[in-house]
Amino acid sequence: MPAYAIARLQDAAPHPDVAEYIERVPATFEPYGGRFLVHATPHEVKEGSWPGGVVMIGFPGIEEARAWWDSAAYREIAPLRSRHIEGDIILVEGVPEGYDPKVTAEAMRNGLAGA
């Protein structure tokens with residue numbers, strides 16, 4: 001199943017460290033099959049609040065995403081970003097091919113009936 005690294009990063013003043021991070025980060029995730037899916041693109045808030053920007057990197061699976069996050073190459077450059085930009089970052093598995101949300105809804109209904 002595919003997996004994703006998703007970041008909601010607060011807006012920050014431009015800084016040379018952040019520019020260096022942006023230049024170097026692809027070389028840290030590409031060996032794990034990662035690629036940018038969303039980066040520095042505008043977003044529309046339809047509900048709630050979502051200040052800052054969105055970054056999304058796709059991976060072949062959760063193990064590759066974890067290996068990238070824990071890699072020496074990424075750990076080396078992460079402070080270039082984290083010293084200047086606050087945010088929330090998650091790793092999450094995608095759904096399998098052919099995922100049917102009706103199965104999830106049925107399981108929820110069955111759980112409610114037994115409660």
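Use the structure listed above.
Residues numbered from 1 in each chain as written. Predicted model: local features only at pLDDT ≥ 70, side-chain atom pairs only at ≥ 80, totals over all residues. Heavy atoms only, no water.

Section: the packing of aromatic side chains
Scanning the model with the defined rule gives seven aromatic pairs in all. Plain terms: the ring middles of Phe29 and Phe36 are 5.0 Å apart, the flat faces sit at 85 degrees to each other, and that makes the pair edge-to-face. An angle of 35 degrees between the planes, with centres 5.2 Å apart, marks the rings of Trp69 and Tyr74 as tilted. Ring pairs connect the aromatic residues Tyr21, Phe29, Phe36, Phe59, Trp68, Trp69 and Tyr74, which therefore count as one cluster. The cationic tip of Arg75 hangs over the ring face of Trp69; the distance from NZ or CZ to the ring centre is 4.5 Å. (Phe/Tyr/Trp six-rings, centres within 6.5 Å; stacked < 30°, edge-to-face > 60°. Lys NZ or Arg CZ within 6 Å of the ring centre and 35° of its normal.)

Quick notes on the packing of helix α2 (residues 62-70) against helix α3 (residues 72-82)
Contact geometry for α2 and α3: axes closest at 5 Å, N-to-C directions at 65 degrees. Residues Trp68, Trp69 and Asp70 of α2 form the contact with α3, whose own contacting residues are Ala72, Tyr74, Arg75 and Arg81. Here the contact of α2 with α3 is built from residues that sort into four nonpolar, no polar and three charged. (Axes fitted to C-alpha atoms, helices over the stretch in contact; angles between N-to-C directions. Helix = DSSP H or I, 4+ residues; strand = E, 2+ residues; numbered from the N terminus. Contact = heavy atoms within 4.5 Å. Nonpolar A, V, L, I, M, F, W, Y, C, P; charged D, E, K, R; others polar.)

A short note on the environment of Pro42
When you line up the elements, Pro42 lands in the loop between β2 (35-39) and β3 (53-59). In this structure the C-alpha to C-alpha distance between Pro42 and Val54, which are 12 residues apart in sequence, comes to 8.4 Å.

Quick notes on the packing of helix α1 (residues 16-29) against α3
When two helices pack together, you describe them by how their axes are tilted relative to each other and by the distance separating the axes. Orientation of α1 relative to α3, taken along the N-to-C sense of each, is 155 degrees, at an axis distance of 8 Å. One way to sum up the angle between α1 and α3 is to call them roughly antiparallel. You can see that α1 and α3 cross each other, and the crossing is left-handed. When α1 is examined against α3, the residues Asp17, Val18, Glu20, Tyr21, Arg24, Val25 and Thr28 are found in contact with a partner set consisting of Ala73, Tyr74, Glu76, Ile77, Ala78, Leu80 and Arg81. In terms of residue class, the contact of α1 with α3 is built from eight nonpolar, one polar and five charged. (Parallel < 35°, antiparallel > 145°, perpendicular 65-115°, else oblique. Left-handed = near helix turned anticlockwise from the far one by under 90°.)

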